[in-house]
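The chain contents come next:
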Amino acid sequence: MKAVLRTVLFLDAVLNLALGVLFLASPWQQLYVSLQIPQADPALYGQLLGVLLAGIAWLQWHATINGQLTIAVARVSGHVNWISGAFILAWVLALGLHPKGAGMVFLPALAVVLIVFALFLIKLSHNVHVREKAQSAKSDKAAESASVLGNQRTEPYAAPVPPVAAPGMSATESKPSASQDARQNPYP
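Treat the numbers as computed from the prediction; the structure is a model and nothing was measured.

What counts, and where the lines are drawn
Residues numbered from 1 in each chain as written. Predicted model: local features only at pLDDT ≥ 70, side-chain atom pairs only at ≥ 80, totals over all residues. Heavy atoms only, no water. Helix = DSSP H or I, 4+ residues; strand = E, 2+ residues; numbered from the N terminus. Buried < 20%, exposed > 50% of the residue type's maximum accessible area, 1.4 Å probe, protein only. Contact = heavy atoms within 4.5 Å. Areas by Shrake-Rupley, 256 points an atom, 1.4 Å probe, with all protein chains shown as cover. Core = buried A, V, L, I, M, F, W, Y, C linked by side-chain atoms within 4.5 Å. Salt bridge = Lys/Arg side-chain N within 4 Å of Asp/Glu carboxyl O. Axes fitted to C-alpha atoms, helices over the stretch in contact; angles between N-to-C directions. Parallel < 35°, antiparallel > 145°, perpendicular 65-115°, else oblique. Left-handed = near helix turned anticlockwise from the far one by under 90°. Nonpolar A, V, L, I, M, F, W, Y, C, P; charged D, E, K, R; others polar.

Just to check I follow, could you spell out the overall build of the protein for this structure?
Within the protein one finds 6 helices and 0 strands. In the protein, the succession of helices and strands from N to C terminus is α-α-α-α-α-α. By residue count, 23% of the 188 residues in the protein fall in the buried class. Contacts spanning at least 24 positions in sequence make up 71% of the contacts within the protein whose residues lie at least 6 apart. Per element, the accessible surface of the protein, about 13,200 Å² overall, is 69% carbon and sulfur.

Help me understand the nonpolar core, please; the structure alone is not making it clear to me.
Nonpolar side chains in soluble globular proteins tend to end up buried together. Leu-5, Leu-9, Leu-15 and Leu-121 are the most contacted members of the largest nonpolar core, which has 16 residues in total. Elements supplying a minimum of two residues to this core: α1 (2-24), α3 (43-65), α4 (67-93) and α5 (103-151). Among the elements that take part in this core, α5 stands out by supplying 6 residues, more than any other. Look past the residues within four positions of Leu-15 in its chain and what remains in contact with it is Leu-110, Val-113, Leu-114 and Phe-117. Counting 5 residues, the second-largest nonpolar core is a separate cluster that includes Leu-22, Leu-31, Tyr-32 and Ile-37.

Looking at this structure, how should I read the pattern of salt bridges?
Where charged atoms from two side chains of opposite charge come close, those side chains can pair. All chains considered together, the criterion is met by 1 salt bridge. A salt bridge links Glu-132 to Lys-2; the shortest N-O distance between them is 2.8 Å. Of the two residues, Glu-132 sits in helix α5 while Lys-2 sits in helix α1, which places them 130 residues apart along the sequence. Residue Glu-132 is classed as partly exposed on the basis of its relative accessible area, which comes to 32%.

Quick question: what am I supposed to make of the packing of α3 against α4 here?
Pairs of packed helices are described in terms of their axes, by the angle between the two and the distance that separates them. At a minimum axis separation of 6 Å, α3 and α4 run at an interaxial angle of 140°. In terms of their interaxial angle, α3 and α4 are classed as oblique. Like other packed secondary-structure pairs, α3 and α4 cross with a definite hand, here left-handed. For the pair α3 and α4, contact is made by Leu-59, Gln-60, His-62, Ala-63 and Ile-65 and by Gly-67, Leu-69, Thr-70, Val-73 and Ser-77, respectively. Residue classes in the contact of α3 with α4 are distributed as 5 nonpolar, 5 polar and no charged.

Following this line, the structure appears as structure tokens:
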């Protein structure tokens, strides 16, 4: 499942990079006229957004390689995508951004694509997080049970053997008396 998440994250990185390049070209008025989409005014804001989108694409690309970043970057990218898609739809449908020609199709389609990417990224990142957490708990439990088993004795229990009297001695003579111990060890 993490491979699917990385694939979706990579595709979103490609989309963000393409949008970043488009916004970096915001001073090029003829491009926006031919695409029939609104141009960023002033062009500085469009270029700053282009740099930001290129940076997000770079981070997403690195998250597809580095497994430790994948879940967090996918979750954040998903939320950024659905919010961006909602803003585009709100501006096109209700707030007075009236694109002409191909822009009437391009902008709502872009919003829908962003929202779909967002749904996939958020859901997949949640599923991968839950799965990794369960696997971690399972491996911790297995390691704990292995350490408990490792601390136990594996040899069978043997009862203490009573002292055996030497041949020719009685069983009561086998134990030295306290006075004999004192004679053998002068330092108590």
